[in-house]
Amino acid sequence: MANLYIGLVHYPIYNKHGEVITTAITNYDIHDIARAAITYDVSRYFVIHNIPAQRDLAKQIMEHWQTGFGSTYNPDRKDAFSEVALVNSIRAAVEEVTRLEGDPPIIATTDARTYDNTVSYAWMRQTLEKGARPVLVLFGTGYGMTKETMEEFDYILEPVYGHGDYNHLSVRSAVSIILDRLRGEAWWEKA
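Every value quoted in this text rests on a predicted model; they were computed, and no experiment measured them. Position labels on residues start from 1 in each chain and follow its written sequence. Restriction of local features to residues with pLDDT of at least 70 applies here, the model being predicted, together with a cutoff of 80 or more for giving and counting side-chain atom pairs; totals for whole chains, interfaces and linings are based on all residues. Values shown for side chains rest on all heavy atoms present in the structure; no hydrogens or waters enter the calculation.

**Remarks on the overall build of the protein chain**
Put simply, the rule reads: Helix and strand definitions here come from DSSP, where helices need a minimum of 4 consecutive H or I residues and strands a minimum of 2 consecutive E residues; each element is numbered from the N-terminal end. Relative accessibility under 20% of the residue-type maximum defines a buried residue, over 50% an exposed one, and the middle range a partly exposed one, all with a 1.4 Å probe and only protein chains included. Contact definition: two residues touch when any of their heavy atoms are within 4.5 Å. All accessible-area figures derive from a Shrake-Rupley calculation using a 1.4 Å probe, and residue coverage is judged against the displayed protein chains alone. Only four residue types enter the tally: Lys and Arg on the positive side, Asp and Glu on the negative side; His and the chain ends are excluded. Charged side chains are reduced to one point each, which is NZ for Lys, CZ for Arg, CG for Asp and CD for Glu.
A count of helices and strands for the protein chain gives eight helices and nine strands. Dimensions of the protein chain along its principal axes, counting C-alpha atoms only, are 45 × 45 × 40 Å. Looking at the protein chain residue by residue over its 191 residues, the buried ones come to 47%. Counted over contacts in the protein chain with a minimum sequence separation of 6, partners at least 24 positions apart contribute 80%. Carbon and sulfur atoms make up 49% of the accessible area of the protein chain, which amounts to about 10,400 Å² in all. The centroid of the 18 positive side-chain charges in the protein chain is displaced by 3 Å from the centroid of its 25 negative side-chain charges.

Shown next, in the form of structure tokens:
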């Protein structure tokens, strides 16, 4: 089985006006995604931010749960941060996966739209289960990564559709749903 890595990208991101921005780090994104990542056996969760002060903020949040009061108040949360890494770019995350694995990862991302290289969750799940090459799934914040950035990746995972017409999940929700589709139990095979 191939190792799965994830990354939360804060730059280059579109805002609601289509302008390229850097989004701010949020405590909930770091915390909740770390918990989902450890639950689904993600090898490393990269918080990707290009501004040092934002990475410092993320480090302070993580330290609260790893070594500060939070580590004794709720020890389970300490475990959730064991595989979180702060990096300054997508390239740095790719280089770290390559260093750890000895092979560059297959890079996939997510979007609420479909592209020529969009693949299903079933296909990506099989790639993980039967492959040896690591997979890095990147999640955009704000209104998604820039088109130019998206074009650099190997695959785009199909959008997450609910039962209704509304389709604008928080990144925390999308990560949890997608990790369950890629690494969750095969509930559909149970009687």
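Here the narrative resumes.
**What to know about the pairing of strand E1 (residues 4–9)**
A regular strand places its side chains so that they alternate between the two faces of the sheet. Inclusion rule: A pair of strands is treated as paired once DSSP finds two or more bridges between them.
Of all the six residues making up E1, six are buried; the element is thus mostly covered by neighbouring parts of the structure. Note: E1 against strand E4 (residues 44–48), five bridges, orientation parallel. Bridge pairing links Val-9 to Ile-48 in E4.

**Section: the sheet that holds strand E6 (residues 106–110)**
Heads up, the rule is: To get an axis, fit a line to the C-alpha atoms, keeping to the stretch in contact for a helix; angles then go from 0 to 180 degrees between the N-to-C directions.
The parallel open sheet is built from seven strands, whose spatial order is E5-E4-E1-E8-E6-E9-E7. Two strands bound the open sheet, and with one partner strand each, they are strand E5 (84–87) and strand E7 (118–119). Note: E6 against strand E8 (residues 135–140), four bridges, orientation parallel. Residue pairing for E8: Ile-106 is matched across the bridge by Val-135. Packing of helix H6 (residues 121–130) onto the sheet brings it into contact with E1, E6, E7, E8 and strand E9 (155–157), and relative to E9 it is tilted by some 120 degrees.

**Some details on the packing of helix H1 (residues 27–39) against helix H2 (residues 52–66)**
For clarity, the cut-off: An angle below 35 degrees is read as roughly parallel, one above 145 as roughly antiparallel, one from 65 to 115 as roughly perpendicular, and any other as oblique. Throughout, a crossing is termed right-handed when the near helix is turned clockwise from the far one, and left-handed when it is turned anticlockwise from it by less than a right angle. Think of it as three bins: nonpolar holds Ala, Val, Leu, Ile, Met, Phe, Trp, Tyr, Cys and Pro, charged holds Asp, Glu, Lys and Arg, and polar takes everything else, Gly as well.
Where H1 meets H2, the closest approach of the two axes is 10 Å, and the angle between their N-to-C directions is 50 degrees. By the angle class used here, H1 and H2 are oblique. Considering the relative orientation of H1 and H2, their crossing is right-handed. Contacts between H1 and H2 involve Asn-27, Ile-30 and His-31 from the former and Ala-58, Ile-61, Met-62 and Trp-65 from the latter. In the contact of H1 with H2, the residues fall into five nonpolar, two polar and no charged.

**Remarks on helix H5 (residues 90–101)**
This is how it is decided: Given a helix with a known number of residues, its expected span is that number minus one, times 1.5 Å.
Compared with an ideal rise of 1.5 Å per residue, which puts 12 residues at 16 Å, H5 spans 17 Å between its outermost C-alpha atoms and is within 8% of the ideal. Three or more residues of H5 are buried, namely Ile-90, Ala-92, Ala-93, Val-94, Glu-96 and Val-97. Looking at the buried positions of H5, the neighbouring elements they touch are E1, E4, E5, E6, E8 and helix H7 (147–150). Phi turns positive one or two residues past the end of H5, at Gly-102, with a value near 85 degrees.

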